[in-house]
Amino acid sequence: MKVAILAESFLPHMNGVTHSLLQVLGHLERAGHEALVIAPRAGRVDEAALRGARLLQLPSTPLPRYPQVRIAVPGLRRLTAALAEFSPDVVHLASPFVLGWQGVRAAEAIGAPSVAVYQTDVPAYAARYGVPAAAPALERHVARLHGRATLTLAPSSSALERLDALGVSGTRLWRRGVDLERFRPGRRDEAWRRRIAPGGEVVVGYVGRLAPEKQVEDLLALRGLAGIRLVVVGDGPSRDELEALLPDAVFTGFLGGEELATTLASFDVFVHPGESETFCQTVQEAHASGVPVVATGAGGPLDLVRQSVDGWLYRPGDLDEFAARVADLAGDAAKRRAFGRAARRGVEGRGWDVLCEELLGHYRDARARGAGLASVEPPTAPAARTVPRPAEPVPARAARAPLRFVAVGDSLTEGLCDDSRTAPGEYRGWADRLAMLLAMSRPGPGVEYANLAVRSRRIRDVVDEQLPAALALGAELVGVFVGSNDLVQRGADPVALADRLGDGLRAAADAGCRVLVVTPFLPERWEVRGLRARFARFDERLRALAAEHGAVLVDVEHAPELRARSSWAADRVHLNPAGHRTLAYAAARALGIPDAAVLADLELALHDGAHRTHVSGPAWMAMHVLPWVVRRLRGRTAGEGRSPKRPELALLRIPAPTGAPLLESKRSPEWSPPRSSASQRAANRN
């Protein structure tokens with residue numbers, strides 16, 4: 001196959017686009033294909049870096065305020081002649097904008113199919129560079145360009161949604177690969193760390209271009225954190241300004257090759273505050289290096305960072321939350337190690353060889369389209385999808401179906417002792433509250449919700465009965481909170497119990513269902529001190545299993561307010577309404593539901609904490625302990641003969657707003673749980 005690649009930027013300037021193209025060129029050479037690269041002239045290029053490809057450099061001019069980037073505007077006749085001479089089977093438009101516009105027209109002129117790779121959100125950069133009024137015109141240009149390409153590839157779900165909003169049809173998902181040999185935990189260099197952080201500080205690092213669109217200035221929010229050393233890797237037009245703004249940070253300048261890989265693996269935490277990333281390759285490279293990530297919850301990182309598994313996402317613009325997430329990891333070495341291991345496992349199977357084979361499949365599909373054949377999904381790209389453009393505009397909310405959410409577990413998920421605003425004998429619970437938060441995040445479509453939890457149930461009941469029933473209901477998201485009833489049994493093996501629950505997590509993941517799992521926990525009371533080590537071993541194993549199977553983890557070890565006595569009911573074994581509220585909002589934050597923290601603060605302000613119920617020791621023995629002992633002597637449980645309170649899915653729906661939203665958020669008001677592909681879950685387990 002002959003592939004012509006038109007690149008808006010290329011060697012010797014290194015950036016995400018250039019790096020991706022070099023990987024593609026290497027794969028084309030190994031596969032025996034022929035390549036031509038057409039790019040702006042920006043300096044001398046080492047022929048060895050071209051991997052056998054021919055290079056045509058076009059006259060160019062430097063970009064104002066960013067002279068490293070050069071713009072080529074060739075005449076259409078000259079570009080058409082160059083392509084006609086090469087006679088490509090497909091024209092690859094890399095992050096097309098100026099040269100790419102001429103390239104798609106030239107490809108049409110010679111009858112060659114074109115594959116446009118959307119990699120830079122140019123309209124979003126307009127405001128960052130002080131020209132927000134230019135954004136609408138830039139959006140129209142992007143839509144027109146990609147609309148004329150035979151096929152458009154986008155690197156993330158947010159990029160697909162962005163293109164769909166611009167009216168671009170026929171888009172496909174094509175993620176970026178990562179060099180798993182170059183970026184790996186084994187490159188961590190303790191000597192480098194001693195030089196950078198001689199006092200043993202936690203090294204928090206950023207890697208990327210130093211330019212306005214990257215929002216590196218947001219790192220200023222970390223200056224108040226004790227015991228960290230901030231390292232900034234990269235160069236660009238904002239470097240002088242940033243060095244003045246962050247005088248305590250280490251600025252290394254541009255790093256590449258082995259030096260970059262060593263530096264990245266030597267970080268303790270990787271941070272990326274940019275909100276305009278279509279993918280964010282450095283996040284993936286940090287994960288490959290075994291480094292947990294804190295990134296903004298917008299754009300590409302939404303697909304890369306698994307909340308509470310291999311990093312944290314914070315609400316765009318909320319720098320207090322940004323600092324809190326970094327502080328959480330900086331202060332917990334065990335969590336950093338667990339997140340780092342999960343991060344590396346999560347990128348296995350994303351090597352460039354796999355992604356470049358997918359790209360060849362897209363090339364073949366574009367050729368089939370260009371020849372007037374029926375378009376088929378390439379078999380080497382299981383993650384690909386097409387986003388059709390509707391014949392008539394349809395509001396996005398109207399097209400969304402309700403999310404199917406099912407909760408499973410024991411009395412804590414059933415909601416015992418949460419009688420806030422309920423009829424006598426009825427309970428709400430954290431899962432009911434979370435279902436309402438989910439419905440609020442999806443105005444219009446809402447949530448279909450069932451709760452299959454029953455008091456006294458154990459792990460075997462959840463794995464063998466409740467989870468299969470949830471999957472039979474078509475659950476897309478399952479909330480799992482169980483284990484306490486097992487762990488209090490004499491001789492309980494916490495690791496074996498966690499592995500049994502892991503069987504259920506794997507089954508749900510294999511069925512394409514997203515799982516939210518809560519670690520069992522105990523109140524801060526002397527009566528249960530002998531069980532703490534057992535619960536800790538169970539939770540440690542559950543954390544590893546959650547990471548392995550791609551589950552979202554609500555780790556109560558890091559929520560001391562839930563262990564406080566004020567969160568527990570008079571029976572001392574169930575949460576009170578305040579505790580259920582706290583757990584519901586912790587789950588919402590772990591899922592990345594927009595405005596969860598704001599809503600939590602709002603509800604806290606509306607409640608006076610009147611649920612701090614206390615009874616004397618004798619009264620507690622008579623009211624709660626004695627009935628439990630009697631049941632045990634009779635071989636019965638509190639849940640014997642009981643059925644789930646919500647055995648079928650029921651719609652919880654909040655009407656779509658007709659005016660301004662009550663709570664403003666930079667993220668989409670319609671939240672859906674992030675979903676991992678089957679191949680990704682398999683990679684996580686390998």
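Right, let's walk through the structure included here. Fair warning: this is a prediction, and the values are worked out from it, not measured in the lab. In every chain, residue numbers begin from 1 and rise along the written sequence. Totals for whole chains, interfaces and linings use all residues, but because this is a predicted model, local features are given only for residues with pLDDT of at least 70 and pairs of side-chain atoms are given and counted only at 80 or more. Only heavy atoms go into the side-chain values, all of them from the structure, while hydrogens and water stay out.

### Details of the packing of helix H17 (residues 459-472) against helix H19 (residues 494-510)
Only the contacting stretch of a helix is used when fitting its axis, a line to C-alpha atoms as for every element, and angles between N-to-C directions run 0 to 180 degrees. Secondary structure counts use DSSP, requiring at least four H or I residues in a row for a helix and at least two E residues in a row for a strand, with both numbered from the N terminus. It is at 9 Å that the axes of H17 and H19 come closest, and there the two elements cross at 10°. Taken together, the axes of H17 and H19 lie roughly parallel to each other. Contacts between H17 and H19 involve Ile459, Val463, Asp464, Leu467 and Leu471 from the first element and Leu497, Arg500, Leu501, Gly504, Ala507 and Ala508 from the second. Each angle gets one of four labels, with under 35 degrees taken as roughly parallel, over 145 as roughly antiparallel, 65 to 115 as roughly perpendicular, and the rest as oblique. The contact criterion used throughout is that any non-hydrogen atoms of two residues lie within 4.5 Å.

### Observations regarding the packing of aromatic side chains
Any two rings among Phe, Tyr and Trp, with Trp reduced to its six-membered ring, count as a pair given centres within 6.5 Å; such a pair is stacked if its planes are under 30 degrees apart, edge-to-face if over 60, and tilted if neither. Enumeration according to the criterion identifies six aromatic pairs in this entry. Seen in terms of ring centroids, Trp192 and Phe267 are 6.3 Å apart; in terms of plane orientation they differ by 50°. Their pairing is tilted. Here the residue Trp192 occupies a position in helix H7 (residues 190-196), and Phe267 occupies one in the loop between helix H9 (257-265) and strand E13 (269-272), the gap between them amounting to 75 residues. Judged by relative accessible area, which is 1%, Phe267 ranks as buried. Residues Tyr314 and Phe322 carry aromatic rings whose centres are separated by 4.7 Å and whose planes lie at 25° to one another, so their mutual orientation is stacked. Each member of the pair Tyr314 and Phe322 is classed as buried. By definition here, charges over rings are those cases where NZ of Lys or CZ of Arg is within 6 Å of the ring centre and within 35 degrees of the ring normal. Arg144 extends its terminal NZ or CZ atom over the ring of Trp101, reaching a point 5.2 Å from the ring centre. Above the face of the Trp312 ring, Arg325 is positioned so that its terminal group lies 4.0 Å from the ring centre. Relative accessible area decides the class of each residue, using a 1.4 Å probe on protein chains only: under 20% of the type maximum gives buried, over 50% gives exposed, and in between gives partly exposed.

### Focus on the pattern of salt bridges
Whenever a carboxyl oxygen of Asp or Glu lies within 4 Å of a side-chain nitrogen of Lys or Arg, that contact is scored as a salt bridge. Within the structure shown, the criterion is met by 32 salt bridges. Ionic pairing is found between Asp365 and Arg369, a salt bridge with its closest N-O pair at 3.8 Å. Residue Asp365 and its partner Arg369 are both found in helix H14 (residues 352-370); the two are separated by four residues, about one turn of the helix. One salt bridge connects Asp499 with Arg541, and the closest N-O pair in it is separated by 2.6 Å. One end of the pair, Asp499, is in helix H19; the other, Arg541, is in helix H20 (residues 532-548), with 42 residues separating them in the sequence. Taken together, the salt bridges that share partners define one network made up of Arg188, Glu190, Arg193 and Asp268.

### A word on the sheet that holds strand E11 (residues 228-233)
Each strand in a sheet pairs with another by means of backbone hydrogen bonds, the pair being arranged parallel or else antiparallel. Sheet architecture is open: six strands sit in the order E12-E11-E10-E13-E14-E15, paired in parallel fashion. The open sheet is flanked by strand E12 (250-253) and strand E15 (311-314), the only strands paired with a single partner. Taken over all neighbouring pairs, the strand axes of this sheet differ in orientation by 20° on average, direction set aside. In terms of strand pairing, strand E14 (residues 293-296) meets E15 through four bridges, oriented parallel. For Thr296, the partnering residue across the bridge sits in E15 and is Tyr314. Each of strand E10 (202-207), E13 and E14 is contacted by helix H10 (residues 281-288), which is oriented at about 175° to E13, the strand it contacts most. Relative to the sheet, helix H12 (residues 319-330) contacts E10, E11, E13, E14 and E15, its axis offset from that of E15 by approximately 170°. At least two bridges found by DSSP between two strands is the condition for calling them paired.

### Focus on the environment of Thr171
Summarising the element assignment, Thr171 is placed in strand E9 (residues 171-173). Taking the C-alpha atoms as reference points, Thr171 and Leu151, 20 residues apart in sequence, are found 6.4 Å from one another.

### Description of H17
Every α-helix carries 3.6 residues per turn, so stepping three or four residues along brings you back to the same face. Helix span is expected to be 1.5 Å times the residue number reduced by one. Compared with the 20 Å implied by 1.5 Å per residue over 14 residues, the 19 Å span of H17 between its first and last C-alpha is a close match. A maximum bend of about 35° is found in H17 at Gln466, where proline Pro468 lies one to four positions downstream. Of all the positions in H17, only Ile459, Asp461, Val462, Val463, Gln466, Leu467 and Ala470 are classed as buried. Buried residues along H17 sit in contact with strand E16 (403-409), strand E18 (477-481), helix H18 (484-487), H19 and H20. The positive-phi residue at the C-terminal boundary of H17 is Gly474, with phi of around 80°. Bend angle per residue: angle between axes fitted to the 7 residues ending at that residue and the 7 residues starting there.

### Focus on the pairing of E13
The side-chain alternation of E13 yields two buried faces, one formed by Val269 and Val271 and the other by Phe270 and His272. Bridge count for E10 against E13 is two bridges, and the pairing is parallel. Within E13, the position partnered with Val204 by the bridge is Val269. Two strands pair when backbone bridges link them, and E13 and E14 are joined in this way by three bridges, in the parallel orientation. In the strand pairing of E14, Val271 is matched with Val294.

### Re the environment of Gly186
Of note, Gly186 is situated in the loop between E9 and H7. A relative accessible area of 60% places Gly186 in the exposed class. In this structure the C-alpha to C-alpha distance between Gly186 and Ser266, which are 80 residues apart in sequence, comes to 9.5 Å.

### Overview of the environment of Phe97
For Phe97, the location among the structural elements is in the loop between strand E6 (90-94) and helix H3 (99-110). On a C-alpha basis, the gap between Phe97 and Leu138 in space is 9.3 Å, while along the polypeptide they are 41 residues apart. Once you skip the residues sitting within four places of it in the chain, Phe97 turns out to touch Glu8, Val122, Leu138, His141, Val142 and Leu145.

### Description of the nonpolar core
Formed by 34 residues in total, the largest nonpolar core has its most connected members in Phe405, Trp430, Leu434 and Leu438. Counting residues per element, the ones that place at least two in this core are E16, helix H16 (430-441), strand E17 (447-451), E18, strand E19 (514-518), strand E20 (552-554) and helix H22 (577-591). Per element, the largest residue contribution to this core is eight residues, and it comes from H22. Those residues in contact with Leu434, other than ones at most four positions away along the chain, are Phe405, Leu516, Ala584, Ala587, Ala588, Leu591 and Ile593. For our purposes a nonpolar core is just a set of buried Ala, Val, Leu, Ile, Met, Phe, Trp, Tyr and Cys residues, chained together by side-chain atoms within 4.5 Å.

### Observations concerning unusual backbone geometry
Here the residue pair Leu11 and Pro12 is connected by a cis peptide bond, since its omega of 5° sits within 30 degrees of zero. Mapped onto the elements of the fold, Pro12 is located in the loop between strand E1 (2-7) and helix H1 (16-30). In this model, Ser95 sits at a positive phi of 45°, which is unusual for a non-glycine residue. Using a relative accessible area of 10% as the deciding quantity, one classes Ser95 as buried.

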